[in-house]
Amino acid sequence: MTTLQPPVAAEPRPAPPPAKRDRRSWTGWGFIGPFVAVFALVFLAPILYSIYLSLFRDQLIGGNQFVGLDNYTRAFQDDAFWAAVGRVALFLVVQVPIMLGIALLVALALDSGRLYGKSFFRITIFLPYAVPAVVATLMWGFMYGTKYGLVGDINSAFGVQLPDLLSPDWVLASIGNIVTWEFVGYNMLIFYSALRVIPTSLYEAAEIDGAGQWRVISSIKLPAIRGAIVIATIFSIIGSFQLFNEPSILRPLALNSITTDYTPNFYTYSLSFNGQQHNYSATVAIIMGVITMIVAYAVQLRGMRKGA
Amino acid sequence: MSTSVTASPAKNGAARLRTPRKAHSPGKPRRNVLLTVLMALMVLYTVVPLIWLVINATKTQSGLADSNGLWFAHDFALWDNIRDTFTYHDGIFGRWLLNTLLYVVLGAGGATLLAVLGGYALAKFQFPGKRAIFALVIGAVAVPGTALAVPTFLMFSKMGLTDTPWAVIIPSLVSPFGLYLMWVFAAEAIPTELLEAARMDGASEVRTFFQVALPLLAPGIVTVLLFTTVATWNNYFLPLIMLKDPDWYPLTLGLSAWSSQAQTIGGDVIFNLVITGSLLTILPLIAAFLFLQKYWQSGLAAGSVKE
């Protein structure tokens, strides 16, 4: 999974009042030009190139040929691809609510002011964010193992037989645990930062009205950080659909459970770098990108509707 | 999508706010033991893997196999492991460390610079195409980064950039989050009047930026720098597809190569070095987060959406 990025989608308040000086000039471009140039090179150009690639096919005879939408037709009938989509969809439906739910509870607990050692908790729970996915996966991979790992230790200490966490039945949950571990603290921090900027006057007012803790949470805190929740959800969805690092690093330990088409992203990667099917790989990536955008957009629409 | 604070209840309370009551300040609720215990469980979940890593970095390869994962083996091999990590295979780990530093300095440093300049422009200038830039950047963020990987790889390969450090550095230069954070931060931290005054005094735009704006942006810059540093330091996917030559690997790629080496036939099993190397990889970042806590937390709070 690529590193999640914090909230981006919220539109910053419109630039300073244009009232005073309405002189539009190109000066601003001098400052933003470099960003836009690199952005065009590493975002826009690849997207366009990707679309171009998806319309062609490399053939043994005839070389690179225009095939129209053939690659798309193939993808829609590709069982391996849809199995991978199903897997990340399941992952998304189970892991994201658990992760965000825990993050929200922790943020509310921190914000309640009812904890001993608040700043210790805040920084400690956030720390896994600084751990690379590679290291997190290696650590958990070792710990899952029955030979070197904690699972093996628990089995021998208590004389039990825990399920093999790297078996096909369990490996998706095991990956879910790794991702949860990595990002709970990070999402918590997003929620916590949003909670911190709620004006205290609202709490004072609620108190005067005799509202209890739960009422304050449901009527003030949750509505106030709704935007942050939606953003965290959208980024978690994008992250789930892009799942790659954890399964690919875990694969050597679980060769039977994690195939090279385990997630859509893993599939694109394998198609391109093991199979040399660049055109088809680009097609699959585009379809996945479109699916991600549709789901993210739907969540945003629903999340932003009042009283949804 | 701005998070406007919408607290509908307590309307009539707001009217009475003129006379604030300090009797039972909401800032100091009673401490709760149960809540603290629950949080301690959460912390346990967070730190057990890290403790496991520290403990197991002290074990030899054989100690790893026959000792309990959460306690020390008989022999304490931490120093040997660190030495071996740095000397194994002609000291390639040191080389990976230097590569990672190179990618961080140029990639994260460059990304921060571009974000600061761009954020400043968006916050303080009106210019043609401004709205389009916003729409493009936000739209592009929703595109899965990995959907871009294959075409970017093919493009870079045609340009002869693959298997060079540039293939890792150039894509790292764009941080939409950094741009956004600097935009919000600059809008708030730099009073427009101050810029007007500097211009009135005849300072050039460049000079105004460096002498007036930059110092005010410092906390925001630290935050963006820290987050782009993490993104670059922890980057795995991009180097994985762009680099073939282990001499250019960053730490993440090197560690995963060491780990999967055990699976290849006749491969040297060096899990003790993988574990020690992992520990050495995360220490600098954890230290950075701990020491710079004050700065990045305030920077984030400012970047987070407000009333």
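Everything quoted here is computed from the prediction, not taken from an experiment. (Residues numbered from 1 in each chain as written. Chains lettered and ligands numbered in written order. Predicted model: local features only at pLDDT ≥ 70, side-chain atom pairs only at ≥ 80, totals over all residues. Heavy atoms only, no water.)

Let's talk about the overall build of chain B
Under the convention used in this document: Helix and strand assignments come from DSSP, with helices taken as H or I runs of at least 4 residues and strands as E runs of at least 2, each series counted from the N terminus. Partly exposed residues are those whose accessible area sits between 20% and 50% of the maximum for their type, while under 20% is buried and over 50% is exposed, using a 1.4 Å probe and protein chains only. By the convention used here, residues are in contact when the closest approach between their heavy atoms is within 4.5 Å. Computed with the Shrake-Rupley method and a 1.4 Å probe, the accessible areas treat only the protein chains shown as cover for residues.
Each helix and strand in chain B was counted, giving 14 helices and zero strands. Its helices and strands taken in sequence order, chain B reads α-α-α-α-α-α-α-α-α-α-α-α-α-α from the N to the C terminus. Expressed as a percentage of its 307 residues, the buried residues of chain B come to 55%. For chain B, long-range pairs separated by at least 24 residues make up 72% of all intrachain contacts whose partners lie at least 6 apart in sequence. Carbon and sulfur atoms form 66% of the exposed surface of chain B, whose accessible area is close to 13,600 Å².

Re the interface of chain B and chain A
Formally: Buried area is a sum: the accessible area each of two parts loses on coming together, probed at 1.4 Å, counted once for each and added. For this document, the term salt bridge refers to a Lys or Arg side-chain nitrogen within 4 Å of an Asp or Glu carboxyl oxygen. Any pair of nitrogen or oxygen atoms within 3.5 Å is treated as a polar contact; in protein, a donor-acceptor pairing is required on top of that, and neighbouring residues in sequence qualify only through side-chain atoms on both sides.
Across the contact, 130 residues belong to chain B and 123 residues belong to chain A. Interface area for chain B against chain A, summed over the two sides, is near 11,900 Å², with a carbon-plus-sulfur share of 75%. Across the contact surface, chain B and chain A share zero salt bridges. Here chain B is connected to chain A by ten residue pairs in polar contact (both at pLDDT 80 or more).

Details of the UniProt feature "transmembrane region" (unreviewed entry) in chain A
Residue and element names in this part refer to chain A. Quick note on the threshold: UniProt positions are given in the numbering used here, feature names are shortened, and annotations may be inferred rather than shown by experiment.
Summarizing the sequence annotation, UniProt attributes the feature "transmembrane region" (unreviewed entry) to residues 29-52, 80-108, 120-143, 170-192, 224-244 and 280-299 in the numbering used throughout. What you have in residues 80-108 is 100% helix and 0% strand, and the ends, taken at the C-alpha atoms, are 41 Å apart. For residues 224-244, helix accounts for 81% and strand for 0%, while the C-alpha atoms at its two ends are 34 Å apart.

Description of a nonpolar patch on the surface
For clarity, the threshold we go by: Patch construction takes residues with relative accessible area above 30% that form no salt bridge. Like charges are linked within 9 Å, and nonpolar side chains (Val, Leu, Ile, Met, Phe, Trp, Tyr) are linked within 5 Å.
Residues Leu90(A), Val93(A), Val94(A) and Ile98(A) make up a contiguous nonpolar surface patch of roughly 370 Å² in combined accessible area. Residue classification places Val94(A) among the partly exposed residues on the basis of a relative accessible area of 45%.

Some thoughts on the confidence of the model for chain B
All names here are of chain B. Filter applied, for reference: Per-residue confidence from the prediction method is given by pLDDT, with values spanning 0 to 100.
On average, chain B scores 84 in pLDDT, and the residues at 70 or more come to 87%. When the criterion is pLDDT under 50, residues 1-25 qualifies, and its contacts beyond four places in sequence or with other chains add up to 40 contacts. The complex model carries a pTM of 0.87, and its ipTM stands at 0.86.

Some remarks on the environment of Thr260(A)
Residue and element names in this part refer to chain A. Assignment of secondary structure puts Thr260 in the loop between α11 (245-250) and α12 (264-273). With a relative accessible area of 33%, Thr260 lands in the partly exposed category. Dropping the residues within four chain positions of it, Thr260 is found in contact with Arg251, Phe266, Tyr267 and Ser270.

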